[in-house]
Structure formats: C-alpha cells, structure tokens
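# Tertiary structure, described
The residues making up each chain are set out below.
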Amino acid sequence: MIKELTPREVVRELDRYIVGQDDAKRMVAIALRNRYRRSQVSDEMREEIYPKNILMIGPTGVGKTEIARRLAKLVNAPFVKVEATKFTEVGYVGRDVEGIIRDLVENAIRMVREEHEARVKTRAEVMAEDRLVSLLTDPPKKPVQNPIDMLLGGRNKAQEPVNEEERLKLSGRRADILQQLRNGELEEREIQVEVEEAAPSLEVGGNAINIGDMMGGMLPKRTKLRHVKVKEARKILLHEEAQKLIDEDAVKEEAVRRAEQQGIVFIDEIDKVAGRSTGQGPDVSREGVQRDILPIVEGSTVNTKHGAVRTDFMLFIAAGAFHVAKVSDLIPELQGRFPVHVTLKSLTREDFIRILTQPDNALTRQYAALLEVDKVRLRFDNEALEEIADAACSANAMGENIGARRLHGVFEELLEDISFNAGGDEMPEVDLNITADYVRAHVAAAKKADLNKYIL
C-alpha cells in the first residue's frame, strides 16, 4: 500500500533535503497523492485514471534528480534513473529503451526481497547461528562418499557420532562454542564456508544476461569453499537461511505489481534527444529515440524474465536543461504524454548558504562526520559559509554553471590539507574552526582579485 502522505507532508519531507524549488515539490507531491487517491477508488474507475507525467525544466545541479529520488524513497517505491542519451533508435548500436522497465523491475525485486528477508530475520538468525556452531565444531570437508550411497540419499556415516558418549561430548562442545559465539569471542576466527559460485554472464546490448537463467535452471549450482572470519560468515549464512525462508514466487509477484502500480521512472537529459528530423544527420537518431520512448510512456507491455509488465500506471518524470533545444522541439506525441511542466530556478548565493546549513545531509555535516573519524572536529563560522557560497557562485559564473554540484569541488579544495594530514594512531584530537580567512586562503575562487593592476 502506498504510504498515506498528504501533499503538504511530502513537501515538508522534501524540504529536509532540498532547498527551494517549491513549484516542483508541489507538483510531485500532488502526483504522489493522486496515486494514493487512485488506489482508493473502485476497480472500474481505477483502470481509467492514469498518472499525469511531469517534465522538469531547469539547469543542472538545481535538484531535479534529487527531488525524484527522494520522492521514491519517501514512499518506498521502485525507482530507476536513466539518461536519454544512452539510448539509440532501434536498429542502431546502443541500449534498448525497454531495458528501462527491466531495470525498474529488478530494483523492485531487490526492494521486496529485502522486506521479506526482514520479516524472517529473527528465525534466519537462529538457523544461521546453528550452522555457524556446526562449522566451528566440525569444519566442512569435501565429501568422500560411495556414489551409490549418494544416489540413494545416504550420508557419510563416518562423520556421525557412533555412540551416546560421543553425542554427549559433541553436545557439550557445541554449547561451549555457542556461548563463546554469543559473547563475541570468536569474531576474528577464520573458518571455511561453502558458498554458491555466481553463474557466468554474457553482455548483450549493454545488458548482462545470466547463463543460468537462460538455461532455465538446468545447470547445476556450483559451490566453493571460502576462508572467512566468523563475523563475515554470519552475514553469508544469514543471507542463505533467509533465502530459504522466503517465497521467491511471492517476491516476484509483489515486485511486478509494485513496479506497475508504484514505479517511478526518471528520464534525464531529455532535451539532448529533442530535435526535429530533416531526413539526415544526428536528428534522425534523436527523433528515433523519442519514438522508441513514446510507447513505454503511453502505456505498453514489456516482456521481462519475471513476466510481462505493464507501464500504463507508472509515473514518468523527465528532466532537461533545454538551453539549446526547446520543449516544442520534442515530437508532439511525447509532449502530450508530459502534460505537467514545471520550471526550476537557478540557485542564488542565498540558496547556497541555505544548502550549507539547512538540509539534514548538508555538506558541512557530511565532512564533519567524515573527519571526526580521524579525531578532527570541524566547525564553520557563519562568515566562512558566506565565503564558500560566494566562491561557488564565482566559480559557476566564471566557468560552467553546474549548480549545487560546485560546492563539492569547493569543499574538496578547502579541506584538502586537513583531509590529507588527518588520521593515524599518533594523531591527537583536534578542534578546527574554519574561518572566512581560511576559506580565502585555500579556495582559488574565493581569493580577492587585485584591481589596482587594471588602473591606468
């Protein structure tokens, strides 16, 4: 069931990570709420209500992708992001546009499987712990059995206790190991674990195809022994036991349903394939990509290895800067499938300052957390944050305007010396206060130019 969030609640959650762009947030919040509303109407009416796809128009680095990604995470919906420029018209070398839906279904299966594993985690932990005790008590060896016994399902009797005394001794040993295991005394001990080898795969048209899947599971599963520490073995065994407890058919069925009803597809750089065909040159391929994308956005059925998947009720969000091309350069049929247009604004100096201070994932907090690992406690003066914002704006003005992504480069330049020298057991705990002077001294874009040399 789609999480019941009102549009105001959605915008409030997006505000925690994305600065500004209120119009875009309102549009996606309404689209999300309409999904919930659709799920509450009658079955007959539900089949008539289609999502209103959104076209975001704005320069790079202003939050287009982040809005879509956070939206999907907010409601735990399957999400896939693709660049339109990676696809070419059918008949040319390149990725097939139907691969978008296959990737979305794979993401949905991964998401649903994790949810099912979480439900059986407690039981799987008990079973994994029991197997771990067995491995510590009696490490696995390559079985040496009579082929006839193997065909009849027989066991290697030489590995079984033969009398009551040995059984009691083994039971006492297992109890001791179990206690040590729960006390965390054996975490660094190395043991052998039998794991399944990954089946070989082929790459066709940019997609990896598992040979085992192609053969329909006819190939026997190959295993190998790995030498790992107990803490790593616990993760391996927990995953294996969880896989035994979940119903794969139920996982696939739920994943396909969720992809169809809740899937969000984000198509970036849609403006790069905008262009009217003149009959020759690159425009031919660009228009061909649009015509290949059109059936998926309109609503079609895509065949995947998990079954047929309908795209009718998926939400498509396209985005592009549209510096050179215009929205009107898209083919009319594709324009009609993105009825909601929203323009995102370029970031100002004040936006940069807010980005550095307000979001839960602000860069200042990220770098402070990273360096605290090496006993360096960072603090930033308000004047320093203003200088960083000025430096980012200046760098965007002098070069390519890449929006908020410019802040990453500024921070790497600003903290290069600190990041390089921090670390090591001999390093004492340090409190560092980043000031405006420090920013001006270490960031090239923040250095004040000497205008006297230009005076005649």
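For clarity, every value in this text was computed on a predicted model and none was experimentally measured.

Basis of the calculations
- Residues numbered from 1 in each chain as written.
- Predicted model: local features only at pLDDT ≥ 70, side-chain atom pairs only at ≥ 80, totals over all residues.
- Heavy atoms only, no water.
- Helix = DSSP H or I, 4+ residues; strand = E, 2+ residues; numbered from the N terminus.
- Buried < 20%, exposed > 50% of the residue type's maximum accessible area, 1.4 Å probe, protein only.
- Contact = heavy atoms within 4.5 Å.
- Salt bridge = Lys/Arg side-chain N within 4 Å of Asp/Glu carboxyl O.
- Patch = residues over 30% accessible without salt bridge, like charges linked within 9 Å, V, L, I, M, F, W, Y side chains within 5 Å.
- Areas by Shrake-Rupley, 256 points an atom, 1.4 Å probe, with all protein chains shown as cover.
- Lys, Arg positive; Asp, Glu negative; His and termini not counted.
- Charge placed at Lys NZ, Arg CZ, Asp CG, Glu CD.
- Expected span 1.5 Å × (residues − 1).
- 1 Å grid on protein atoms, 1.4 Å probe; cavity = no way out; pocket = protein on both sides within 12 Å on 5 of 7 lines; lining within 4 Å.
- Points joined across faces, edges and corners; volume = space filled by probe spheres on them.
- Nonpolar A, V, L, I, M, F, W, Y, C, P; charged D, E, K, R; others polar.
- Polar contact = N/O pair within 3.5 Å; in protein donor to acceptor, adjacent residues only side chain to side chain.
- Phe/Tyr/Trp six-rings, centres within 6.5 Å; stacked < 30°, edge-to-face > 60°.
- Lys NZ or Arg CZ within 6 Å of the ring centre and 35° of its normal.
- Core = buried A, V, L, I, M, F, W, Y, C linked by side-chain atoms within 4.5 Å.
- Arc of directions from axis to C-beta.
- Pairing = 2+ DSSP bridges.
- Axes fitted to C-alpha atoms, helices over the stretch in contact; angles between N-to-C directions.
- Parallel < 35°, antiparallel > 145°, perpendicular 65-115°, else oblique.
- Left-handed = near helix turned anticlockwise from the far one by under 90°.
- pLDDT = per-residue confidence, 0-100.

As a further point, take the overall build of the chain. Within the chain, the regular secondary structure consists of 19 helices and 13 strands. In the chain, buried positions account for 39% of the 456 residues. Contacts in the chain between residues far apart in sequence, at least 24 positions, make up 79% of those at least 6 positions apart.

Turning to the pattern of salt bridges, a few remarks are in order. Considering all chains together, one arrives at 32 salt bridges under this definition. Close ionic contact of Lys86 with Glu83 constitutes a salt bridge, the shortest N to O distance being 3.5 Å. With relative accessibility at 17%, the residue Glu83 sits in the buried group. A salt bridge links Asp351 to Arg354; the shortest N-O distance between them is 3.7 Å. Of this pair, Asp351 and Arg354 both sit in helix H14 (residues 349-357), separated by three residues, roughly a single helical turn. A relative accessible area of 14% places Asp351 in the buried class. Residue Arg354 is classed as partly exposed on the basis of its relative accessible area, which comes to 33%.

What follows covers a negative patch on the surface. Taken together, the side chains of Glu412, Glu413, Glu416 and Asp417 present a region of like negative charge at the surface. Secondary structure elements with two or more residues in the negative patch: helix H17 (406-414) and helix H18 (416-421). Looking at the element boundaries, Asp417 is found in helix H18.

In this model, helix H5 (residues 99-119) (21 residues) spans 31 Å end to end at C-alpha, consistent with the 30 Å of a helix rising 1.5 Å per residue. For H5, the set of buried residues is Gly99, Ile100, Ile101, Leu104, Val105, Ala108, Ile109, Met111, Val112, Glu115, His116 and Glu117.

The next subject is empty space enclosed by the protein. With a probe scaled to a water molecule rolled over the atoms, the places where space remains empty come into view. Taken as a whole, this structure holds one cavity of 30 Å³ or more when the rule is applied. As a volume, the largest cavity reaches approximately 30 Å³. The wall of the largest cavity is formed by Ile100, Val265, Ile267, Ile293, Ile296, Val297 and Phe316. Breaking the lining of the largest cavity down by element, the ones donating at least two residues are strand E7 (264-268) and helix H12 (282-298). Across the lining of the largest cavity, the residue classes tally to seven nonpolar, no polar and no charged.

Inspection of the secondary structure assignment puts Gln290 in helix H12. In this structure the side chain of Gln290 is engaged in a polar contact, spanning 2.6 Å, whose partner is the backbone oxygen of Val273.

According to the stated counting rule, one finds three aromatic pairs in the structure shown. Note on Tyr50 and Phe313: the rings are 5.2 Å apart at their centroids and 15° apart in plane angle, and the pair reads as stacked. On the criterion of sequence distance, the pair formed by Tyr50 in the loop between helix H3 (43-46) and strand E1 (54-57) and Phe313 in the loop between strand E9 (307-310) and strand E10 (315-320) is long-range, its members being 263 residues apart. On the basis of relative accessibility, which here comes to 37%, the residue Tyr50 falls in the partly exposed class. The exposure class of Phe313 is buried, given its relative accessible area of 4%. A cation over a ring is seen here: Arg38 above Phe313, with NZ or CZ 4.0 Å from the ring centre. If you follow Arg70 out to its NZ or CZ, it ends over the ring of Tyr17, 3.9 Å from the centre.

Formed by 57 residues in total, the largest nonpolar core has its most connected members in Met56, Ile317, Ile388, Leu415 and Ile434. Apart from the residues within four sequence positions on either side, Ile388 is in contact with Leu356, Phe380, Leu407, Val410, Phe411, Leu414 and Val439. If you look at the next biggest cluster of nonpolar residues, it comprises 44 residues, including Leu104, Val112, Val273 and Ile293.

Moving on: helix H15 (residues 363-372). Helical periodicity: at 3.6 residues per turn, an α-helix aligns residues three or four positions apart in one direction. Turning to H15, its buried residues number three or more, namely Leu363, Thr364, Tyr367, Ala368 and Leu371. For H15, the buried positions fall inside an angular range of 130° around the axis, keeping them on one side. Exposed side of H15, more than 90 degrees from the buried face: Leu370 and Glu372 are the residues found there. Those residues of H15 that are buried lie in contact with H14, strand E12 (376-380), helix H16 (382-398), H17 and H18.

With parallel pairing, the five strands of this open sheet are ordered in space as E2-E7-E10-E1-E11. For this open sheet the edge positions go to strand E2 (79-83) and strand E11 (340-343), each flanked by a neighbour on one side alone. Strand-to-strand twist in this sheet, taken as the mean axis angle between neighbours without regard to direction, amounts to 20°. Note that E1 and E10 share four bridges and pair parallel.

Let us now look at the packing of helix H1 (residues 7-15) against helix H2 (residues 22-40). It is the contact of H1 with H2, at a shortest axis distance of 8 Å, that shows an interaxial angle of 130°. Classed by the angle they form, the pair H1 and H2 counts as oblique. H1 and H2 meet at a crossing whose hand is right-handed. Touching Pro7, Val10, Val11, Leu14 and Asp15 of H1 are Lys25, Arg26, Val28, Ala29, Leu32 and Arg33, all from H2. A breakdown of the residues in the contact of H1 with H2 according to their chemical character gives seven nonpolar, no polar and four charged.

Before going further, it helps to spend a moment on the confidence of the model for the chain. Overall, the prediction assigns the chain a mean pLDDT of 80, with 80% of residues at 70 or greater. Counting contacts from residues 90-94, a segment whose pLDDT is below 50, to residues more than four positions away or on other chains yields five contacts. Within the model, the stretch residues 450-456 combines pLDDT values under 50 with zero contacts to residues more than four positions away or in other chains.

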